[in-house]
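Close look at the chain arrangement
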Amino acid sequence: LLNATRFFSSVLDPAALDQLAAAARPVSFRRGDKLMREGELGQSLFLIEGGKVSVSVHDVGGERAVATLGPGEVVGEMSLLTGARRSATVVASGKVTAFEVTKAALEPILAASPKLVEKFAAMMEQRFAELKRRHSDLARWHSGSASQAEIAARMTAFYSG
């Protein structure tokens, strides 16, 4: 699944993908379970293997659904990379199977190859642009988006301390 997910496969080589796969933790959720809540601190992401999740943000009028994600998609990537607070609430729409990738799982890979910080930062910058194109009304949802240099600086600070 990691090999088929552009978020990881475009950044990591096969050996690093294998190392990350070995450290990823399988998790499952039932309908209505929250994978994450907007505003919470986070240090992991979820790679969805099966099922669908609903992504919502708190708006002036209450909760607003902004996306539905399914197999092969990731949620929580900014928290994994920078320790940022969760930018949305993600709820299982039915039975969901996923893999959780934690800071502890990614740390040795980044330590072995510090250049990966810049590669992940570039991937995040592209991801923000893609999300904004796909969901033009989501400026608020990804207000934490930043340039590649800003993301790399946040990652360096998060993983060095």
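Preceding this section is the structure that the text describes.
First, a word on what this report is: a plain description of the structure on this page. Nothing here was measured: the structure is a model prediction, and the numbers come from that model. Within each chain, residues carry numbers counting from 1 in the order of the written sequence. With pLDDT at 70 or above as the cut-off, local features in this predicted model cover only qualifying residues; side-chain atom pairs require 80 or more to be listed or tallied, and sums for whole chains, interfaces and linings still use all residues. Hydrogens and water molecules were not included; the side-chain quantities draw on all heavy atoms of the structure.

1. Let's talk about the packing of aromatic side chains
Spelled out, the test is: A pair of Phe, Tyr and Trp rings is counted when the ring centres sit within 6.5 Å of each other, with Trp represented by its six-membered ring. The angle between the planes then sorts it: under 30 degrees is stacked, over 60 is edge-to-face, the rest tilted. Helix and strand definitions follow DSSP, with helices as H or I runs of at least four residues and strands as E runs of at least two, each counted in order from the N terminus. Throughout this description, buried means an accessible area under 20% of the type-specific maximum (1.4 Å probe, protein chains only), exposed means over 50%, and partly exposed covers the range between.
All chains considered together, the criterion is met by five aromatic pairs. Geometrically, the ring pair formed by Phe8 and Phe120 is edge-to-face, given 6.4 Å between the ring centres and 80° between the ring planes. Of this pair, Phe8 sits in helix H1 (residues 6-9) while Phe120 sits in helix H5 (residues 116-134); the two residues are 112 residues apart in sequence, bridging distant segments of the chain. You can call Phe8 buried: its relative accessible area is 0%. Ring centres of Phe29 and Phe46 lie 5.6 Å apart, and the angle between their planes is 80°; on these two criteria the pair is classed as edge-to-face. Separated by 17 residues along the polypeptide, Phe29 in strand S1 (residues 25-29) and Phe46 in strand S3 (residues 44-50) bring together distant segments of the chain. Note on accessibility: Phe29 and Phe46 belong to one class, buried.

2. Here's the deal with the sheet that holds strand S8 (residues 96-102)
Rules: Paired strands, as defined in this entry, are two strands with at least two bridges between them according to DSSP.
With antiparallel pairing, four strands are arranged side by side in an open sheet as S1-S8-S3-S6. On the outer flanks of this sheet lie S1 and strand S6 (74-75), each paired with one strand and no other.

3. Notes on the pairing of S8
Bridge count between S1 and S8: five bridges; the pairing is antiparallel. Counterpart to Pro26 in the pairing with S8 is Phe99.

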